[in-house]
Every structure is written in structure tokens, then in C-alpha cells.
Amino acid sequence: MPLLPEGFTLPPPAYLALLLAGIVAVAVGVRRRRPTVAADRILAFAPWMVLGSALHVLYVVDALPRAVRPLAGTPAVYLTVGAVGIGTWIVADAALDDETVARVLALGGGILALAAVGGVFAAGAAAGSLSPGVPALALVAAVAVAAVIWGGLTRGIPDTRRTGALGAFAVFAHVLDGVSTAVGIDVLGFGERTPLSRIIIEFAAGLPTAPVLGSGWLFVLVKVAVASLVVWLFADLVEEDPAGTYVLLGVVAAVGLGPAVHNLLLFSITVPA
């Protein structure tokens, strides 16, 4: 069984060399500058996560210029957006006061994300396949479910409140991934590309509950359980190593939000095969 998701491919050597050079440059910049790590700055990377998802959707539907298309595949898009986003953070940290950095970082990523999302919808409209209604309902449902989960988690395990907005963001990101995947499979008829996720979904499809609940519900529960467990485990680390914990929570959130936004955008402009 393959361990990597469908569509995983390295870009051509020239592009790969460019990406690696960018990553090295950013790593050197982080080492030298050591930009301040704070919760609001990590949260400011949320639009950059959306940007990466939108770029990959444009890659999937072949709506990017040929010159930049290799930079938006899997895993190249992670390196591309990561290098640009962290590079922006380094420059902003060096040039601006502490209170402004997060706003500028979020604004820069937000503008780029809006442009990319607009490109996705434009591509869907041009193809006559734009249908964002069900994905939008999935987003609303995920917000409601995440609010309930976060409320229950902070009441049942008060220590999780230490993770603050980042903890809530991580829970929401994974709830959104779970809900969007379930809706895509059970409502819209899409398949799952990630092997591990596919195993969970196929297992649920074989249970007696499948005719009533579908096959995506177990994936939602797994996502909720994993996100809640991670936030609980990180609650004690916030006081010991706040900067490191913020970074880890940001990574956890990105692992959920990236695929979730990709799902919502792709489901909005394509029909299942």
C-alpha cells in the first residue's frame, strides 16, 4: 500500500533546486534574525495556509501559468508558501515594531489568499462547474461543531485554556478537515487521496452503521480525538516553552486547515469522477 497521497510528485530539478535554495535562505534568516515567536504571529499564518490550499487546487485543475505550475504541486506548494511566508515574517520582524508584525503578516497572506481563492472560483465559473453551496454548509457545520468541541474541552479539562486562540484554531482546523472530508465522500461522492484516511473511511464503510451514518463519520471522530489530545498534551508545555509550543500548535493546525480548505475549494468547482 502506498504511504503517500495520490498526486505526490517532485517538481523538475531546476524548480526543486530553487525551492531548496529558498528554504536554506529562510533557515539562515531565521537563525540569524531569530524573529519573535508569539501566538498572534503564528495565527497570522492562517491566510498563508489558505493560500497554499488554493494554489494547489489551481494546480489540480491546471489553471496556473506553466512557468509557476511546478511550484504548486505536492509537496512543492508547502515549500513555496513556507519560504515566502516565513521570509515575509523575517523581513517584517526586522523592519516593524512588535505590535505591527502580526497584522502585516496576516494582511500580506490574506491578500495573496484572496487572489488565489478568487482564481479558483473564476476557474470553476469558466468551466461551468462552480457549485459552492454544499461546501459552504460544511464550513458552517464545522464552525458549530468546533465551538461545541472547544467548549466541552475547556470545561472538561480546564488546563487546555492555556493554549488560547491557537488551541481553538487547531481544533477547528481538524474538525473542518474531518467534516469537509465526510461531506465530500458521503454527500458529494468524492474519494479520499490520503492512504491512512482512506483506511479509516473504508473501515467505517464496512460497519453496520454505514447505511445510516455513511462512511465519513469515523474520520470526523478520529480528527476530533487527535486534535483534542494534542491540545491537551500541549497545555502543560505552554508555560515551560511558549515559543516552541506556539510553533508546534501552528504546525498541527496547518496539517488540518490545509487539506480542509483544499477540500472545500476543490468540491466547489469540480464534480466527482
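The rules behind these values
- Residues numbered from 1 in each chain as written.
- Predicted model: local features only at pLDDT ≥ 70, side-chain atom pairs only at ≥ 80, totals over all residues.
- Heavy atoms only, no water.
- Helix = DSSP H or I, 4+ residues; strand = E, 2+ residues; numbered from the N terminus.
- Rg over C-alpha atoms; globule rule 2.2 N^0.38 Å.
- Buried < 20%, exposed > 50% of the residue type's maximum accessible area, 1.4 Å probe, protein only.
- Areas by Shrake-Rupley, 256 points an atom, 1.4 Å probe, with all protein chains shown as cover.
- Lys, Arg positive; Asp, Glu negative; His and termini not counted.
- Charge placed at Lys NZ, Arg CZ, Asp CG, Glu CD.
- Phe/Tyr/Trp six-rings, centres within 6.5 Å; stacked < 30°, edge-to-face > 60°.
- Lys NZ or Arg CZ within 6 Å of the ring centre and 35° of its normal.
- Contact = heavy atoms within 4.5 Å.
- Axes fitted to C-alpha atoms, helices over the stretch in contact; angles between N-to-C directions.
- Parallel < 35°, antiparallel > 145°, perpendicular 65-115°, else oblique.
- Left-handed = near helix turned anticlockwise from the far one by under 90°.
- Nonpolar A, V, L, I, M, F, W, Y, C, P; charged D, E, K, R; others polar.
- Expected span 1.5 Å × (residues − 1).

**Student:** So what exactly am I meant to see when it comes to the overall build of the chain here?
**Tutor:** Assigned secondary structure in the chain consists of twelve helices and zero strands. N-terminal to C-terminal, the α/β element order of the chain is α-α-α-α-α-α-α-α-α-α-α-α. Relative to the globule expectation of 19 Å for 273 residues, the C-alpha radius of gyration of the chain, 19 Å, shows essentially globular dimensions. Each of the three principal axes of the chain carries a C-alpha extent, and together these read 55 × 50 × 35 Å. Counting the 273 residues in the chain, one finds 44% classified as buried. For the chain, the accessible surface area stands at approximately 13600 Å², while carbon and sulfur atoms represent 71% of it. The average position of the 14 basic charges and that of the 16 acidic charges among the side chains of the chain differ by 6 Å.

**Student:** What am I meant to see in the packing of aromatic side chains here?
**Tutor:** Two numbers describe a pair of aromatic rings. These are the distance of the centres and the angle of the planes. Applying the stated criterion across every chain, the model contains two aromatic pairs. Across the ring face of tyrosine 59, the terminal group of arginine 69 is positioned such that the distance to the ring centre comes to 4.1 Å.

**Student:** Is there a simple way to think about the side chain of serine 215 in this case?
**Tutor:** Position of serine 215 among the secondary structure elements: in the loop between helix H9 (210-213) and helix H10 (217-235). For serine 215, a relative accessible area of 11% corresponds to the buried category. Setting aside residues up to four positions removed in sequence, serine 215 forms contacts with Ile185, Asp186, Ile201, Ala204 and Ala205.

**Student:** Just checking my understanding: could you explain the environment of alanine 127 for this structure?
**Tutor:** In this structure, alanine 127 sits in helix H5 (residues 98-127). Residues alanine 127 and proline 11 lie 116 residues apart in sequence; the distance between their C-alpha atoms is 27 Å.

**Student:** Sorry, what's going on with the packing of helix H7 (residues 164-186) against helix H12 (residues 242-269) here?
**Tutor:** Two numbers describe a pair of packed helices, the interaxial angle and the distance between the axes. Relative orientation of the contacting elements H7 and H12 amounts to 30°, with a least axis distance of 8 Å. By the angle class used here, H7 and H12 are roughly parallel. As for how H7 packs across H12, the hand of that crossing is left-handed. Contacts between H7 and H12 involve Leu166, Gly167, Phe169, Ala170, Phe172, Ala173, His174, Leu176, Asp177, Ser180, Thr181 and Gly184 from the first element and Tyr246, Leu249, Val252, Ala253, Val255, Gly256, Leu257, Pro259, Ala260, Asn263, Leu264 and Phe267 from the second. Residues that form the contact of H7 with H12 fall into these classes: 16 nonpolar, seven polar and one charged.

**Student:** Looking at this model, I keep getting lost on helix H3 (residues 46-60). Mind explaining?
**Tutor:** At 3.6 residues per turn, the α-helix brings residues three or four places apart onto the same side. If you check H3, its first and last C-alpha atoms are 22 Å apart, about what 15 residues at 1.5 Å a residue would give, namely 21 Å. H3 sits mainly inside the fold: 13 of its 15 residues count as buried. One or two steps after H3, the chain reaches aspartate 62, where phi turns positive at roughly 55°.

**Student:** Looking at this model, I keep getting lost on the side chain of threonine 245. Mind explaining?
**Tutor:** Mapped onto the fold, threonine 245 is located in helix H12. We classify threonine 245 as buried; its relative accessible area is 3%. When neighbours within four sequence positions are excluded, threonine 245 is seen to be in contact with Phe234, Leu237 and Val238.

**Student:** What should I look at first to understand unusual backbone geometry in this one?
**Tutor:** Glycine aside, negative phi is the norm for most residues, and most peptide bonds take the trans geometry. Residue proline 75 is bonded to the preceding threonine 74 through a cis peptide linkage, with omega at 10°. One can find proline 75 in the loop between H3 and helix H4 (76-95). The backbone of arginine 34 sits at a positive phi, close to 45°, despite the residue not being glycine. If you trace the backbone, arginine 34 turns up in the loop between helix H1 (13-33) and helix H2 (39-43). The residue aspartate 62 is not glycine, and still its phi comes out positive at about 55°. By relative accessible area, aspartate 62 is classed as exposed at 54%.

**Student:** It is not clear to me how the packing of helix H6 (residues 133-156) against H7 should be interpreted in this structure. Could you clarify?
**Tutor:** Axis separation between H6 and H7 bottoms out at 8 Å; the angle between their running directions is 135°. Overall, the two elements H6 and H7 adopt an arrangement that is oblique. Crossing of H6 over H7 shows right-handed handedness. Taken together, the residues of H7 that come into contact with H6 (itself represented by Val134, Ala138, Leu139, Ala141, Ala142, Val143, Val145, Ala146, Ile149, Trp150 and Leu153) are Gly164, Gly167, Ala168, Val171, Phe172, Val175, Leu176, Val179 and Val183. Broken down by class, the residue content of the contact of H6 with H7 amounts to 18 nonpolar, two polar and no charged.

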